[in-house]
Amino acid sequence: MTVLSIQDLSVQFDDVVAVNQLSLRVASGELVVFLGPSGCGKTTLLRCVAGLQQPTGGHILFDEREVTGLSPADRNVAMVFQFVSLYPHLSVAENIAFPLHARGVPKAEIKTSLEWAAQFFKLGDLMRRRPNRLPPGDKQKVALARAVVRKPSLLLLDEPLSALDEQFREDMRWELGKLQAELGITTVYVTHDQREAMSLADRIVLMRDGKLIQNAGPAEMYANPVDRFAAYFIGSPPMNFLSVHRSSGRAPWLVDAEAAEWPGPNSAVPLQASPGLAARLDKIGRDRFTLGVRPQHLGIDGANGGSRIAVHVVNAFTVGHDHQFDFSVGGTLYSGMPAALPAIGARVDAVMTDDHVHLFDADTGDRFDV
Amino acid sequence: MAASRMLRKPISDRTLCTLFLVPSLVILAVMVAYPFLSLLINSTYRFSALRSNVEPVFVWLDNYDFLLSDPDLWDRFTFTGTFVVLTVSVQFILAISVAYYLQRDFRGRDLLFTVLMIPMMLSPIVIGFLWRYIFNSEWGLMNFFVTRLGFDAIDWLGVTDNALIAVVIADTWMWTPFVILLAVAAFRGIPVSIQEAATIDGASPFFRFTRLTLPMSAPILGIAFLLRLIDSFKQYDLFFALTGGAPGSTTETVSFYLAKVAFSYFYTGEASALAVIQLVIIIGLSLIFVRLLTRIGRQRQ
């Protein structure tokens, strides 16, 4: 299987830099997800790998062989698009056979491949039908079958599930993961959905404004986001960001809403830092920084001796198995997930699990490694 | 007050629909139904519109019998058929080849397409006369180039085959842009992602064009084809202006012959019967046309 390496790749459209000197490597058989908000350059990057877009700088290598100038056909990549791009005038079987016909594969071989595809994707009854009338999930299955039937060097998927219903999406995600593992084909998957990325990826390449922000496994990215953007983009509900400020008053640290002007109109709440957090704050030695903590690591009245702030519960509800409570600091809502549901309006101590408190530079958003 | 009176008794949707339909139904009845019925009736009489003093004689289907057993008419049908096949196929081969190169965006695209429209906006009669000058065997532009290239001057309009080619050239000049426009629209209507999918699937540009672009444009190209087919089948003006049916009457189309029977010979009965025959053929072609339209509708769903 193919190793993909991208070296210093740049794509510039007029005055927009879509991809900015990006380098990464996808190991053989690995499933790597390009993740990021829309306009971050992930699709452009994928199109460069496919050969549909010529980069303005840098190199793309398959198995250390330069392919940068080659046409898509000469790269032998397969791609599944966000919008179903099956050939409407051809039957499902003809669609799947199209790349084989285009390459002049002998008829007998095509027949074998079609039988394999029909069995592998369970398309038996659909093979003779026209793709237009199939449900969306089946359409993408056909697209996937068409992509892998010719044993491509790379499988490229551009938001293949975003046009599907929630239910289909779960099923397809599972099937896709299974397919990739069984075929062992090196795969690049583009999405803006962090849940999709977390559940599918061997490794996530997080992008923003054409730059690579973090390149790590899902667990690592969740536990150790490299900056505020990564911390916010990964995880659901999103991480809380509190603005913390050193105070000369009785409490050494005050918390205020991130967005609020400082000093806020009496909205600041004292942060009762645990000894551990206080030591970290002192080590950083700044007067201002951003404190990030995921709702999952923000409970109520915990006995674990974590850092805490006293707040009013403005909202409390249960989603399936999880309790959630919201509180407001300086007009911004924050969320936590307590063990037991508090009463709305109650005054409680919101307690953070210290190990999972992230500290970011208030200006640049970079994480402090302490 | 007036407003409240109108509100008191609202007109039902059905009545409103009927009211809106009435004017066009009246116009249709007067402009289409009546002439058609009178045409049908006329075609069963022997009479001449010139001689109103001679009583028309009811002859059942004798006019049809006479026409269909007339070898002159079959010659006209053969000639018209040859013209239709030639002109439509030349136009389509030319138009599709040109459209292939005009699919992409390029500078001056809008201007080029505007220029392409010009021949369609001219009257066919004017075009006919223009080309008559161009094909003039003594001082025409065509023979100027032909002799410049070292060939003998061609008697364009004096020899039947040459005259046919001359009209095909003029008709092609006039109508190829129309087919180009439709073909480009059809080609560009194919989603980019489908073309990209095929590129990635390893299809060469030629393979993509023949296996994707053409079949997917087939409904629109089919409509253009039928429009051109019906139109060239009815062709009259270009022949009238360019050849006048000459040499002899060898370049007369069915329509040309019809006009001659109706308004030169004033055999009104026979002319009516011929018009009915032509109508039946055109209705047959139109039925295919409508079938195609509905198929496109179904595909777009």
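All of these numbers come straight from a predicted model, not from anything done at the bench.

(A) Fine view of the overall build of chain B. Within chain B, the secondary structure is distributed over 13 helices and 2 strands. Compactness check: chain B gives a C-alpha radius of gyration of 25 Å against a globular reference of 19 Å for 301 residues, more than 25% above the reference. With respect to the principal axes defined by its C-alpha atoms, chain B has extents near 80 × 75 × 40 Å. Looking at chain B as a whole, 40% of its 301 residues are labelled buried. Long-range contacts, defined here as pairs at least 24 residues apart, represent 69% of the contacts in chain B between residues at least 6 apart. Taken as a whole, chain B presents about 17,800 Å² of accessible surface, with 69% of it coming from carbon and sulfur.

(B) Local environment of the interface of chain A and chain B. Listed per partner, the contact involves 23 residues of chain A and 16 residues of chain B. Summed over both sides, the interface of chain A with chain B buries roughly 1,600 Å², with 65% coming from carbon and sulfur. Of all residues in chain A, Tyr87, His89 and Phe98 of chain A give up the largest surface area on contact with chain B, accounting jointly for 29% of the area buried on that side. For the interface between chain A and chain B, the tally reads 3 salt bridges. Put simply, Arg47 of chain A and Glu196 of chain B hold a salt bridge, and the shortest N to O gap is 2.5 Å. Connecting chain A to chain B are 8 residue pairs in polar contact (both at pLDDT 80 or more). Of all the secondary-structure elements, those providing two or more residues to the side of chain A that touches chain B are helix H1 (42-50), helix H2 (72-75), strand E6 (77-80) and helix H3 (92-102) of chain A. In terms of residue count, the dominant contributor to the side of chain A that touches chain B is H3 of chain A (4 residues).

(C) View of the pairing of strand E3 (residues 31-35) of chain A. All names here are of chain A. Taken across its 5 residues, E3 has 5 buried, putting it largely inside the fold. Sheet topology note: the E3/strand E8 (residues 187-191) ladder contains 5 bridges and is parallel. The partner of Val33 across the bridge, within E8, is Tyr189. Bridge count for E3 against strand E9 (residues 203-208) is 4 bridges, and the pairing is parallel. Residue pairing for E9: Val33 is matched across the bridge by Ile204.

(D) Structural detail: the domain arrangement of chain A. Residue and element names in this part refer to chain A. On domain assignment, one finds that chain A holds domain 1 (4-227) and domain 2 (240-360). Placing the centre of domain 1 and that of domain 2 at their C-alpha centroids yields a distance of 41 Å. Listed as interface residues are 5 residues of domain 1 and, on the opposing side, 4 residues of domain 2. Among the residues domain 1 hides against domain 2, the three largest losses belong to Tyr222, Pro225 and Asp227. Together they make up 86% of the total. At the surface where domain 1 touches domain 2, the tally comes to 1 residue pair in polar contact (both at pLDDT 80 or more). In terms of residue class, the side of domain 1 that touches domain 2 is made up of 4 nonpolar, no polar and 1 charged.

(E) Spotlight on unusual backbone geometry. Here Ser236 of chain A and Pro237 of chain A are connected by a cis peptide whose omega angle stands at -5°. Within the secondary structure layout, Pro237 of chain A lies in the loop between helix H9 (228-233) and strand E11 (240-246). The peptide bond linking Ala246 of chain B to Pro247 of chain B adopts the cis configuration, its omega dihedral lying at 0°. Relative to the assigned elements, Pro247 of chain B resides in the loop between helix H11 (237-242) and helix H12 (254-263). Unlike most non-glycine residues, Asp14 of chain A shows phi in positive territory, near 45°. Relative to the helices and strands, Asp14 of chain A is located in the loop between strand E1 (4-13) and strand E2 (16-26). A relative accessible area of 78% places Asp14 of chain A in the exposed class. In this structure, Lys122 of chain A takes a positive phi of about 50° despite not being glycine. Along the polypeptide, Lys122 of chain A turns up in the loop between helix H4 (107-120) and helix H5 (136-148).

(F) Layout of the side chain of Gln278 of chain B. Examined against the element boundaries, Gln278 of chain B turns out to sit in helix H13 (residues 268-300). In this structure Gln278 of chain B touches Phe233, Lys234, Val254, Ser255 and Leu258 of chain B, once residues within four positions along its chain are discounted.

(G) Spatial organisation of the nonpolar core. With 61 residues, the main nonpolar core has Phe135, Phe187, Leu242 and Leu274 of chain B as its most contacted residues. A total of 14 residues in this core trace back to one element, the largest contributor, which is helix H8 (residues 160-188) of chain B. Aside from chain neighbours lying at most four places away, what touches Leu274 of chain B is Leu67, Leu73, Val254, Tyr257 and Leu258 of chain B. Residues Val92, Val142, Met172 and Leu176 of chain A belong to the second largest nonpolar core, which totals 47 residues.

(H) Seen up close, the pattern of salt bridges. All names here are of chain A. For the structure shown, the criterion picks out 21 salt bridges over all chains. Ionic pairing is found between Glu64 and Arg25, a salt bridge with its closest N-O pair at 3.3 Å. In this pair, Glu64 is assigned in the loop between strand E4 (57-62) and strand E5 (65-66) and Arg25 in strand E2, connecting sequence segments 39 residues apart. Between Glu159 and Lys42 there is a salt bridge whose closest N-O contact spans 3.9 Å. Placement of the pair is Glu159 in the loop between strand E7 (154-158) and helix H6 (166-183) and Lys42 in helix H1, with a sequence separation of 117 residues. Just as Glu159 is buried, Lys42 falls in that class too.

What counts, and at which threshold
- Residues numbered from 1 in each chain as written.
- Chains lettered and ligands numbered in written order.
- Predicted model: local features only at pLDDT ≥ 70, side-chain atom pairs only at ≥ 80, totals over all residues.
- Heavy atoms only, no water.
- Helix = DSSP H or I, 4+ residues; strand = E, 2+ residues; numbered from the N terminus.
- Rg over C-alpha atoms; globule rule 2.2 N^0.38 Å.
- Buried < 20%, exposed > 50% of the residue type's maximum accessible area, 1.4 Å probe, protein only.
- Contact = heavy atoms within 4.5 Å.
- Areas by Shrake-Rupley, 256 points an atom, 1.4 Å probe, with all protein chains shown as cover.
- Buried area = accessible area lost by both parts, 1.4 Å probe.
- Salt bridge = Lys/Arg side-chain N within 4 Å of Asp/Glu carboxyl O.
- Polar contact = N/O pair within 3.5 Å; in protein donor to acceptor, adjacent residues only side chain to side chain.
- Pairing = 2+ DSSP bridges.
- Domains from an automatic or database assignment.
- Nonpolar A, V, L, I, M, F, W, Y, C, P; charged D, E, K, R; others polar.
- Core = buried A, V, L, I, M, F, W, Y, C linked by side-chain atoms within 4.5 Å.

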